[in-house]
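# What the coordinates show
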Amino acid sequence: MFLAPRLARKYCRIQKFAPDQNSTQVKQAILPFYAKLVSAYRQMSSWAEKHQVFGASLHALQVMLLKANAFDRYVPVEHLSSMAFAAHAVERKFQEEIKVRSDAYLIRYQFVEAMLRMAEAKYLRTAKASDLSEAVTMLMSQHLLEEFSPIYQQEQQFLMDIMTEEVDYVFKSNLSVLNAAFLIYAGSVDTPAEMPYVKDQMSKTK
């Protein structure tokens with residue numbers, strides 16, 4: 001949990017939209033909410049129809065923020081696309097490190113940066129918060145926690161149910177079959193003739 005926020009801080013361009021803010025303090029403000037942010041990110045990413053990269057689409061993010069009633073006259077829904085576009089940009093010095101990208105999805109650090117940009121516009125720019133750390137806390141506590149907490153709880157329950165010795169035994173007993181099915185769906189091997197429904201679901205480019 002601590003490594004990921006450190007990477008997010010490394011790649012997120014806070015200095016671009018909030019140059020006078022202390023990034024270490026912002027990290028500390030995010031940490032209490034980070035697990036729930038990641039759970040929401042994973043759910044949004046799982047909704048994608050085509051995974052050029054595992055990430056959250058602008059549409060999924062917009063739907064989630066609308067449900068959280070996060071938009072207002074200072075940050076209307078129309079501004080989300082520009083925030084997401086800005087968060088999506090990768091600095092030239094990091095282009096060798098971030099090699100898997102998609103124009104359609106936000107990967108995890110970009111998703112976090114989009115939330116930071118929204119907090120800055122909604123609370124810091126309007127002087128409702130004294131700094132970006134407070135703005136992040138306000139955005140999470142007033143809007144996002146109510147939507148993100150059930151997602152986090154559902155994920156924790158899933159892990160509790162599936163991370164058991166019994167489930168592990170069943171998976172290991174069927175590992176060769178599961179691996180074959182994965183390779184077929186991933187497009188790594190040819191689809192058997194008796195499985196046309198799999199072939200229909202495979203992308204043309206595999």
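These notes cover the structure that comes with them. These figures come from a predicted structure and were not determined experimentally.

Moving on to the pattern of salt bridges. For the structure shown, the criterion picks out 6 salt bridges. The partner of Glu-155 in a salt bridge is Arg-42, and the shortest N-O contact between them spans 2.9 Å. Residue Glu-155 is found in helix 7 (residues 132-162), and its partner Arg-42 is found in helix 3 (residues 23-46); the two are separated by 113 residues along the sequence. Since its relative accessible area comes to 39%, Arg-42 is described here as partly exposed. Across the salt bridge formed by Asp-72 and Lys-122, the nearest N and O atoms sit 2.6 Å from each other. A residue pair is termed long-range when its members are at least 10 positions apart, and Asp-72 in the loop between helix 4 (58-67) and helix 5 (80-88) and Lys-122 in helix 6 (residues 108-124) qualify at 50 residues.

A cluster of nonpolar residues, Phe-158, Leu-159 and Met-163, forms a patch on the protein surface that exposes about 330 Å² of accessible area. Here Phe-158 shows up in helix 7. For Phe-158, a relative accessible area of 48% translates into the label partly exposed.

Let us look at the side chain of Lys-122. Exposure remark for Lys-122: the relative accessible area of 3% places this residue in the buried category. Every residue in contact with Lys-122, bar those within four places of it in the chain, is listed here: Ala-70, Phe-71, Asp-72, Val-75, Lys-128, Leu-139 and His-143.

Packed helices, taken two at a time, are described by the angle their axes make and the gap between the axes. Put simply, helix 3 and helix 6 touch, their axes get as near as 10 Å, and they point 120 degrees apart. When the axes of helix 3 and helix 6 are compared, the pair comes out oblique. At the point where helix 3 passes helix 6, the crossing takes the right-handed sense. Contacts between helix 3 and helix 6 pair Val-26, Ile-30, Tyr-34, Leu-37, Val-38, Tyr-41 and Met-44 from the former with Arg-108, Phe-111, Val-112, Met-115 and Leu-116 from the latter. In terms of residue class, the contact of helix 3 with helix 6 is built from 11 nonpolar, no polar and 1 charged.

The subject of this paragraph is the nonpolar core. Note that soluble globular proteins tend to have their nonpolar side chains buried in a common cluster. Counting 56 residues, the largest nonpolar core has Met-44, Leu-61, Leu-65, Phe-111, Leu-116 and Leu-132 as the members making the most contacts within it. Residue assignment for this core shows that the elements contributing at least two residues are helix 2 (14-17), helix 3, helix 4, helix 5, strand 2 (105-106), helix 6 and helix 7. The biggest single contributor to this core is helix 6, with 11 residues. Residue contacts for Met-44: discarding those within four places in its chain leaves Gly-55, Ala-56, Ala-60, Leu-61, Met-64, Phe-111 and Phe-148.

Cut-offs used in this document
Residues numbered from 1 in each chain as written. Predicted model: local features only at pLDDT ≥ 70, side-chain atom pairs only at ≥ 80, totals over all residues. Heavy atoms only, no water. Salt bridge = Lys/Arg side-chain N within 4 Å of Asp/Glu carboxyl O. Helix = DSSP H or I, 4+ residues; strand = E, 2+ residues; numbered from the N terminus. Buried < 20%, exposed > 50% of the residue type's maximum accessible area, 1.4 Å probe, protein only. Patch = residues over 30% accessible without salt bridge, like charges linked within 9 Å, V, L, I, M, F, W, Y side chains within 5 Å. Areas by Shrake-Rupley, 256 points an atom, 1.4 Å probe, with all protein chains shown as cover. Contact = heavy atoms within 4.5 Å. Axes fitted to C-alpha atoms, helices over the stretch in contact; angles between N-to-C directions. Parallel < 35°, antiparallel > 145°, perpendicular 65-115°, else oblique. Left-handed = near helix turned anticlockwise from the far one by under 90°. Nonpolar A, V, L, I, M, F, W, Y, C, P; charged D, E, K, R; others polar. Core = buried A, V, L, I, M, F, W, Y, C linked by side-chain atoms within 4.5 Å.

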